[in-house]
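Chain residues, written in single-letter form:
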Amino acid sequence: MFKRIIPLKFIILFLLCCSQIDTAADIIILSNVVTMEETFPRAEAIVIKGNKIIFVGDEKSALKYKSDHTVLIQEPDGMVLPGFIDSHVHLIWGGIEMGECLLSGLTSQEEIISKIEAYAEEYADLNWIRGNGWSLPVFKNGNPSKSILDKINAEKPMYFLSADGHSAWVNSKALSIAGLNENTRDPINGRIERDSKTGVPLGVLREDAMALVESFIPNYTKEQIENGLFISVKEANKFGITAILDAGTESINQKKSEEDYFDGLDAYREATKNQEISLRVNSSQYASPSSWRKDLKHIKNRRFINSQGSMNTVKIFADGVIEAGTGALLDPYVGTNNFGVLNWDPDTLKVVVSTIENEGFQIHFHAIGDKAIRTTLDAFEYAREKNGSNNMRHMISHAQLIHPEDIERFKKLDVITSFQPLWAYPDPYMKELTIPVLGPIRSKWNYPLKSLLSAGARITAGSDWSVTSLNPLFGIEVAVTRQKPGSPDGEILNQDETVDLEDILKAYTIEGAYSLFRENEIGSLKKGKLADVILLNKNLFNHPSNSFFLVFMLSAV
Ligand SMILES: [Zn+2]
């Protein structure tokens, strides 16, 4: 099937060097062209010259652009789309993780243990064993013990980030290096899991408690970070992703000093400035409750915009996640007095949002619980009253549990959501750790993609990779089925919230482009736009929706 794969890098080089003034095409693709343009949604052909689209329309007219050097691609069963845009991903981080002890996808303790044993043996020269991707539901209460790791290696410190990135599992050696014991207090917005009688740490650190150990781990080097970027760009291109928002680019290293400091943002700035990667990148930097004014000063100093990339977004965490009991809820978790963790005082948050907005930054929130989402919307509303209407295109990512009374506010306040559609089916996180703690009424509110669309709000989509798969086709399938990928008989999560294929494709393309302030350059296929074009081996509109995940990329331009 891979009869005409054109490596992306080759094409980009090729396009940069060929800029004759004549109208001969570099590439003509004849296939089912889905444009994401409302006035002409479908076409038979697309013509590319240099890095621009010069024609979209019928086959006969397209062939008039053919010359000797034109590459002609014919895929009658395929589908041409604008490149996918991932509106919430941790790209470099994902690339770095690919080189560590990867536990993602492992579903039993035995598998996890043997993977760690093998890694620790293979990389015996490392000072720290680092890994990631363990799934909370594999362990009782999402709470693996330090003793499991101690049995593998008690001498060497170990640090394993969970798949959702909100918990870390460490061994006794790591706890002792960090000086954590029964006398250590929980940090603000963090929790050390402990023995209920003795208070001794059990080996799992939630949210900001992770930093207590992380700050003792040596920084990643410039080389590791750049390698992570190049690996992950390849991975993204493989799935047809041509533009992203990196949702928090600074967290790769716990900052030790301003000097001799190189992080993901530096890597993005260099790579986009020198056009070394085949990806458009908007990146972001964190502001945290304890230091936001200082953070903002630092963020302003680091702001950059070039033709391929930018950092003009501030990332804020409003709360944690429901499965760890840290998502902030309006009513308590079932059977408890726990309302989760709202990271900000609501009045402070209003000042923070209006101040950051005034500095000309887009704000990208992590907000999951209904209280976190309401508090965030309140802060946007306050900023709107104070600063007036503007074009800042603020975003709420994840947006898991939106109180029905808040749905209308998204359109009213022009707040864009970035959903992770792949999370919206009954997986173990949902069935074992979410629905039981929310109860039946609130569980119906999970991931209300359709409700927001019906209310006229803009939705975009992202993977949150490396939390979950980077492949947009998985998310597209779940958005239209709300079932586990590849499971036509699988349970459905809130059928009313399924969306049309066209709508979810818009979220992954033109709406994503809007959220990146690039809708005039990319996100749809029309004459004059940049040639961020992908070709799938199947036309999704003629394909069973429970097997989108089997469709693959033929080429990316
Ligand atoms: Zn994220």
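Residues numbered from 1 in each chain as written. Predicted model: local features only at pLDDT ≥ 70, side-chain atom pairs only at ≥ 80, totals over all residues.

A few words now on helix α17 (residues 501-508). Every buried residue of α17 is accounted for by I504, L505, K506, A507 and Y508. Residues of α17 that are buried sit in contact with β1 (27-34), β4 (71-82), β5 (84-89), β19 (459-461), α16 (472-481) and α18 (510-515). (Buried ≥ 20, exposed ≤ 12 C-beta atoms within 10 Å, placed from the backbone. Helix = DSSP H or I, 4+ residues; strand = E, 2+ residues; numbered from the N terminus. Contact = placed C-beta atoms within 7 Å.)

For the rest of this paragraph, the subject is the packing of α16 against α17. At their nearest, the axes of α16 and α17 sit 9 Å apart, and the two run at 145° to each other. By crossing handedness, the relation of α16 to α17 is classed as right-handed. Across the interface between the two elements, P472, I476, A479 and V480 from α16 touch L501, I504, L505 and Y508 from α17. When its residues are assigned to classes, the contact of α16 with α17 shows 8 nonpolar, no polar and no charged. (Axes fitted to C-alpha atoms, helices over the stretch in contact; angles between N-to-C directions. Left-handed = near helix turned anticlockwise from the far one by under 90°. Nonpolar A, V, L, I, M, F, W, Y, C, P; charged D, E, K, R; others polar.)

Further remarks concern the pairing of strand β3 (residues 52-57). Sheet analysis places strand β2 (residues 42-49) next to β3, joined by 5 bridges and oriented antiparallel. The residue of β3 that forms the bridge with K49 is K52. Hairpin geometry of β2 and β3 is characterised by an intervening segment of 2 residues between the two adjacent antiparallel strands and by a positive phi of about 60° at G50. (Pairing = 2+ DSSP bridges.)

Attention shifts here to the confidence of the model for the protein chain. Detailed reading of the predicted coordinates is not advisable wherever pLDDT is low. Predicted confidence across the protein chain gives a mean pLDDT of 91, with 92% of residues reaching 70 or more. Within the model, pLDDT remains below 50 along residues 1-21, and this stretch shows 24 contacts once partners closer than five positions in the same chain are excluded. (pLDDT = per-residue confidence, 0-100.)

A few words now on the environment of I534. Following the sequence through the fold, I534 ends up in strand β20 (residues 533-536). Sequence separation between I534 and L30 is 504 residues, and the spatial gap between their C-alpha atoms is 12 Å.

Here the focus is the pairing of strand β7 (residues 129-134). Most of β7 sits out of view: 6 of its 6 residues are buried. As a crossover connection, the stretch from strand β6 (residues 101-102) through helix α4 (residues 109-122) into β7 is right-handed. Bridge analysis of β7 against strand β8 (residues 158-162) gives 5 bridges, and the strand direction is parallel. In the sheet register, W134 faces β8, and the bridge partner there is S162. (Right-handed = clockwise from strand over helix to strand, strands pointing away.)

This brings us to unusual backbone geometry. A cis amide bond links W465 to the next residue, S466, at an omega of 15°. As for its placement among the helices and strands, S466 is situated in the loop between β19 and α16. Located in the positive-phi region is N189, a residue other than glycine, with phi close to 60°. Tracing the backbone shows N189 in the loop between α6 (172-177) and β10 (190-194). Judged by local crowding, N189 falls into the buried class, with 20 C-beta atoms found within 10 Å. Even without glycine at this site, H398 takes up a positive phi of about 80°. Tracing the backbone through its elements, the reader meets H398 in strand β17 (residues 395-398).

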